[in-house]
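Single-letter residue listing:
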Amino acid sequence: MSERTVSVVLTVMPPPDTFSYIQKMTLGEIPKSGAKHFNCERIILNIDEKSALELYNNYLRSKELDEISGKLNSLDLDEIRRYIRPELRERPPIEYLTRKIGDEIRLLRYFYGEN
């Protein structure tokens, strides 16, 4: 029986987008001495530079949106309402309206499709 190997190629991108990623992973075998045939490596992962940059940019955007979401979730709506004119305070809260509109849109999409 031959010895099995795993090879990993790690690539470090230069500035301004400094990050690292696993570019390639392969499985292979080292034959016993005297073996007639060598089983070549099998690629199990191969990521080109363009794809790595796209994944990295998606990661950065996701991180940015998570921060925005956290800030929005931490808003004190009662504090904000104090700055709203009194005649507008009697209207339903905006979060109620957006939830209702969202429900209506989901129902329309369900019954009539995406378009």
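1. Brief notes about the nonpolar core
Then, in step 1: One finds Met-13, Phe-19, Tyr-21, Ile-47, Ala-52 and Tyr-56 forming the largest nonpolar core, which totals six residues.
Then, in step 2: For Ile-47, the residues in contact, after removing those within four places along its chain, are Tyr-21, Ile-22, Gln-23 and Ala-52.

2. Overview of the packing of aromatic side chains
Then, in step 1: Throughout the structure, instances matching the rule amount to two aromatic pairs.
Then, in step 2: Taking 6.0 Å as the distance between ring centres and 35° as the angle between the ring planes, the aromatic pair formed by Phe-19 and Tyr-21 counts as tilted.
Then, in step 3: Residue classification places Phe-19 among the buried positions, given a relative accessible area of 11%.
Then, in step 4: Classification of Tyr-21 by relative accessible area gives buried; the value is 11%.
Then, in step 5: Seen from their ring centres, Phe-19 and Tyr-56 are 4.1 Å apart, and the 10° between their planes marks the pair as stacked.

3. A look at the pairing of strand 2 (residues 20–30)
Then, in step 1: As judged from the ten bridges shared by strand 1 (residues 3–12) and strand 2, these two strands associate in the antiparallel manner. Within strand 2, the position partnered with Thr-5 by the bridge is Gly-28.
Then, in step 2: Across four bridges, strand 2 lies against strand 3 (residues 42–46) in antiparallel orientation. Counterpart to Leu-27 in the pairing with strand 3 is Arg-42.

4. What about the sheet that holds strand 1?
Then, in step 1: One open sheet holds the three strands; their spatial order is 1-2-3, and the pairing between them is antiparallel. Edge positions in the sheet fall to strand 1 and strand 3, since each has one partner strand and no second. The mean inter-strand angle of the sheet, taken between neighbouring strand axes irrespective of direction, is 15°.

5. Remarks on the pattern of salt bridges
Then, in step 1: In the structure shown here, the tally under the stated rule is three salt bridges.
Then, in step 2: Arg-4 is the partner of Glu-29 in a salt bridge, and the nearest nitrogen-oxygen pair spans 2.9 Å. Within this pair, whereas Glu-29 is found in strand 2, its partner Arg-4 is found in strand 1, the two being separated by 25 residues in sequence.
Then, in step 3: Taking the shortest distance from any N to any O, the salt bridge between Glu-64 and Arg-61 comes out at 2.9 Å. Of this pair, Glu-64 and Arg-61 both sit in helix 1 (residues 49–73), three residues apart, roughly one helical turn.
Then, in step 4: Judged by its relative accessible area of 42%, Arg-61 is partly exposed.

Parameters at a glance
- Residues numbered from 1 in each chain as written.
- Predicted model: local features only at pLDDT ≥ 70, side-chain atom pairs only at ≥ 80, totals over all residues.
- Heavy atoms only, no water.
- Core = buried A, V, L, I, M, F, W, Y, C linked by side-chain atoms within 4.5 Å.
- Buried < 20%, exposed > 50% of the residue type's maximum accessible area, 1.4 Å probe, protein only.
- Contact = heavy atoms within 4.5 Å.
- Phe/Tyr/Trp six-rings, centres within 6.5 Å; stacked < 30°, edge-to-face > 60°.
- Pairing = 2+ DSSP bridges.
- Helix = DSSP H or I, 4+ residues; strand = E, 2+ residues; numbered from the N terminus.
- Axes fitted to C-alpha atoms, helices over the stretch in contact; angles between N-to-C directions.
- Salt bridge = Lys/Arg side-chain N within 4 Å of Asp/Glu carboxyl O.

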